[in-house]
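# Close look at the chain arrangement
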Amino acid sequence: MNFVKTKGAAIPALGFGTFRMPGADTQRMVSHVLKNGYRHIDTAQIYGNEADVGEGIRQSGIARSEIFLTTKVWVENYRHDAFLASVDESLKKLKTDYVDLLLLHWPNDAVPLAEQIGALNEVAKSGRVRDIGVSNFTTALMDEAVKLSTLPVVNNQIEYHPYLDQRPVIAKAGELGMSLTAYFAMADGKVLDEPVLKEIAAARGRSIAQVVLRWIVQQGFVTLSKTVSEARAAENAAIFDFELSSEEMAMISALAKADGRIVSPEGLAPDWDKAV
Ligand SMILES: NC(=O)c1ccc[n+]([C@@H]2O[C@H](COP(=O)([O-])OP(=O)(O)OC[C@H]3O[C@@H](n4cnc5c(N)ncnc54)[C@H](OP(=O)(O)O)[C@@H]3O)[C@@H](O)[C@H]2O)c1
């Protein structure tokens, strides 16, 4: 297992995502991927499947201590008391007494960031959470979060795929010693039709999914990948036995487009950093 290490945290470089996954699929796939080598599971309060993730972990028979488990607090739970209660509820559903990483799912200024970060620190200091982080945070918000936190903010989980230039956030993460986790690596399926990726994949005897996931982990980031297929889960995990050349890495990065961002929900999306 490859890890991304920062500020005391060690995050398995490949995580299994569970967004938009119905309960029965979640239980089946979480159990399956854990039995087959995955050690990192990503869920969120808003996905509505934390209890299924917990059940999948139980069914896998893999020791909890072997698994890196992430969940995310939903924005409606950002007030201090609701925050703490929601984390207890998540732990109950996940059938565990701690999560490895707890993230603020989206920035939200209805509650002061200081209160959100204070609650994150509190649950971590109480032992319910090993490490804390954020998601969908811009460079300005990353700076703010780090300034407000007593504990290290170890991770920002962001949309990242070949069509989205994330260089500002990548540079800021480097400056702050924060790791990055990529979600939507497949650009919601769009990368699968990309001629440049087809060419690289064919030359390497790999699939496009493998090339894209490799492009992310080779940059030193964590990547998530979700699938309801056992065969695809195996395919997506086979990314640590080959290396892309610097030319191939550059060709993939050059696919970024000005309108490449896919996830930008109204009412949640911050004032995104402009691409370089
Ligand atoms: N923090 C956030 O705001 C946020 C937002 C979005 C997602 N996330 C996290 O990131 C995870 C990953 O994002 P995602 O769910 O959009 O999935 P993804 O990994 O980008 O995959 C998108 C789709 O690609 C298909 N796929 C997967 N492997 C494939 C392969 N080898 N070949 C062809 N198609 C393949 C899957 O369909 P099938 O299932 O049919 O195979 C999946 O629905 C989520 O599950 C969630 O945990 C976080």
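Per chain, the residues get numbers from 1 upward, laid out in the order the sequence is written. Thresholds applied to this predicted model are a pLDDT of at least 70 for local features of residues and 80 or more for the giving and counting of side-chain atom pairs; totals over whole chains, interfaces and linings are not thresholded and use all residues. Excluded from the side-chain calculations are hydrogens and water; all other atoms, namely the structure's heavy atoms, are used.

One broad rule of soluble globular proteins: the nonpolar side chains tend to lie buried together. Among the nonpolar cores identified, the biggest contains 88 residues, and Ile41, Phe83, Leu102 and Leu104 are the most heavily contacted of them. In this view, Ile41 contacts Phe16, Thr18, Val30, Val33, Leu34, Val53, Ile67, Phe68, Leu69 and Thr70; residues no more than four positions away in its chain are not counted. Take the buried Ala, Val, Leu, Ile, Met, Phe, Trp, Tyr and Cys residues and link them wherever side-chain atoms come within 4.5 Å; each set so joined is a nonpolar core. Burial status follows relative accessibility: with a 1.4 Å probe on protein chains alone, a residue under 20% of its type maximum counts as buried, one over 50% as exposed, and anything between as partly exposed. Residue contacts are defined here by distance: any two heavy atoms, one from each residue, within 4.5 Å place the two residues in contact.

What follows is about the environment of Gln116. Strands here mean DSSP runs of E at least two residues long; helices mean DSSP runs of H or I at least four residues long; both are numbered from the N terminus. Tracing the backbone through its elements, the reader meets Gln116 in helix 4 (residues 113-125). Sequence separation of Gln116 and Tyr78 is 38 residues, and the distance between their C-alpha atoms is 5.7 Å. Contact partners of Gln116, with chain neighbours within four places excluded, come to Tyr78, Phe83, Leu104, Asn108 and Val111. In the analysis that follows, any N or O atom pair within 3.5 Å is treated as a polar contact, provided that within protein one partner can donate a hydrogen and the other can accept it, and provided that, for residues neighboring in sequence, both atoms belong to side chains. Of the polar contacts made by the side chain of Gln116, one reaches the backbone oxygen of Asn108; its length is 2.8 Å.

As a further point, take empty space enclosed by the protein. Here a cavity means grid points, on a 1 Å grid over the protein atoms only, where a 1.4 Å probe fits yet cannot get out; a pocket means an open set of points with protein on both sides within 12 Å along at least five of seven lines; lining residues are those with an atom within 4 Å of a point. Grid points are joined across faces, edges and corners, and a volume is the space filled by probe spheres set on the points. The full count for this structure, using the stated rule, is one cavity of 30 Å³ or more. Considering only enclosed or pocket space, the largest cavity measures out at about 30 Å³ in volume. Taken together, Asn136, Phe137, Ile158, Glu159, Gln166, Arg261 and Trp272 form the lining of the largest cavity. Each residue gets one label: Ala, Val, Leu, Ile, Met, Phe, Trp, Tyr, Cys and Pro are nonpolar, Asp, Glu, Lys and Arg are charged, and the others, such as Gly, are polar. Within the lining of the largest cavity, the residues separate by chemical class into three nonpolar, two polar and two charged.

Quick look at the site of the ligand now. Near, as used in this document, describes a residue that has one of its heavy atoms within 4 Å of the molecule or strand being considered. The full set close to the ligand counts 26 residues, and Asp42, Lys226, Thr227, Arg232 and Asn236 are the nearest of them. At 3.0 Å from an oxygen atom of the ligand is found a side-chain nitrogen or oxygen belonging to Asn136. In this structure, an oxygen atom belonging to the ligand sits 3.4 Å away from a main-chain N or O atom of Ala185. Within the complex, 90% of the 900 Å² of free accessible area of the ligand lies under protein. Among the cavities detected, the one that contains the ligand is the largest pocket. Elements supplying a minimum of two residues to the shell around the ligand: strand 10 (222-225) and helix 9 (230-237). Considering each element in turn, the shell around the ligand owes the most residues, three residues, to helix 9. In terms of residue class, the shell around the ligand is built from eleven nonpolar, nine polar and six charged. Accessible surface area values rest on a Shrake-Rupley calculation with a 1.4 Å probe, where residue burial reflects the displayed protein chains alone. Occupancy of a cavity or pocket is assigned to a molecule whenever over half of its atoms lie within 2 Å of that pocket's grid points.

Keep in mind these values describe shape, not function.
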